[in-house]
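# Coordinate analysis (summary)
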Amino acid sequence: PLVQLPHVADDKRLLKRKKCTTSWERFFRLNAKERKLLFKDYSELQQSEIDSAADHIPQPALDATYGVEDEKEVLTGDLVTITATLQRHVPTVADLKQKEALAKDTDHSGSGEKDETETKREKP
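None of these values were measured; they are calculated from a predicted model. (Residues numbered from 1 in each chain as written. Predicted model: local features only at pLDDT ≥ 70, side-chain atom pairs only at ≥ 80, totals over all residues. Heavy atoms only, no water.)

### Some words on the overall build of the protein chain
Under the convention used in this document: A helix here means a DSSP run of H or I that spans at least four residues, while a strand means a run of E at least two residues long, and both kinds are numbered starting from the N terminus. Only protein chains enter the area calculation, which uses a 1.4 Å probe; residues under 20% of their type maximum are buried, those over 50% are exposed, and those in between are partly exposed. Residue contacts are defined here by distance: any two heavy atoms, one from each residue, within 4.5 Å place the two residues in contact. Using the Shrake-Rupley algorithm and a 1.4 Å probe, accessible areas are obtained, with residue cover drawn only from the displayed protein chains.
Scanning the protein chain for helices and strands turns up five helices and two strands. For the protein chain, the succession of helices and strands along the chain, N to C, is α-α-α-α-β-β-α. Residue burial in the protein chain is summarised as follows: out of 124 residues, 16% are buried. The long-range share in the protein chain, meaning contacts at least 24 apart out of those at least 6 apart in sequence, stands at 42%. When the accessible surface of the protein chain is totalled, it reaches about 10300 Å², and 53% of it is carbon and sulfur.

### With respect to the pairing of strand β2 (residues 81-89)
In plain terms, the rule: A pair of strands is treated as paired once DSSP finds two or more bridges between them.
When you tally the buried positions in β2, you get zero out of nine residues, a small fraction of the element. Both strand β1 (residues 59-67) and β2 contribute to a ladder of nine bridges, which runs antiparallel. Counted as the bridge partner of A64 is A84 from β2.

### Here we look at unusual backbone geometry
Glycine aside, residues mostly have negative phi angles, and peptide bonds mostly take the trans form. Located in the positive-phi region is H7, a residue other than glycine, with phi close to 75°. Mapping H7 onto the fold places it in the segment before α1 (12-16). By relative accessible area, H7 is classed as partly exposed at 34%. For D70, which is not glycine, the phi dihedral falls at a positive 65°. Looking at where D70 falls in the secondary structure, it is placed in the loop between β1 and β2. Using a relative accessible area of 80% as the deciding quantity, one classes D70 as exposed.

### Quick notes on the pattern of salt bridges
Formally: Counted as salt bridges are all cases of a side-chain nitrogen of Lys or Arg within 4 Å of a carboxyl oxygen of Asp or Glu.
A full pass over the atoms with the stated rule returns three salt bridges. For the salt bridge of E25 with R29, the shortest nitrogen-to-oxygen distance reads 3.2 Å. Of this pair, E25 and R29 both sit in helix α2 (residues 24-29), four residues apart, roughly one helical turn. Salt-bridge contacts for D51 lead to R35; the nearest nitrogen and oxygen are separated by 3.3 Å. In this pair, D51 is assigned in helix α4 (residues 44-54) and R35 in helix α3 (residues 32-38), connecting sequence segments 16 residues apart. By relative accessible area, R35 is classed as buried at 8%.

### Structural notes on a nonpolar patch on the surface
Selection criterion: Each patch is built from salt-bridge-free residues with over 30% relative accessible area, joining like charges within 9 Å and nonpolar side chains (Val, Leu, Ile, Met, Phe, Trp, Tyr) within 5 Å.
A cluster of nonpolar side chains, Y66, V74, V80 and I82, forms an exposed patch at the surface whose accessible area comes to about 430 Å². Note that Y66 resides in strand β1.

### Brief notes about α4
Structural remark: α-helix, 3.6 residues per turn; residues separated by three or four positions point the same way. Stated formally: Taking the helix axis as origin, the arc is that swept by the directions to the C-beta atoms.
Residues of α4 that are buried: Q47, I50 and A54. Along the axis of α4, the buried residues cluster in a sector spanning 60°; they form a single face. Residues of α4 that are exposed and point more than 90 degrees away from the buried face comprise E44 and L45. Buried positions along α4 lie against α2 and α3.

Written out as structure tokens, the structure reads:
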């Protein structure tokens, strides 16, 4: 599925990496740091374009239940009712802004840790 993202279709090396995901579900579970590592050979602009394109890919969720009316068990010959609910999450502008804010917070907290480390090194 990653070949649908910009700049990825021509990159055979990326598609052969162990960390390269084989499903959208796995790709969306990657945090910002893992995504950055996956696309480490790409420029900041290319990474930004990949993230922007990925933000517009719907993430459907399917929930299904089954049962027999007025009975607790399903037996041979029973008429079973299946109820399926398909939800399609399409990111809104608010979702995208929240994601950007979280990414900025992650970047700031990472730089704060480096400052502490550098301060500790200066003390001895």
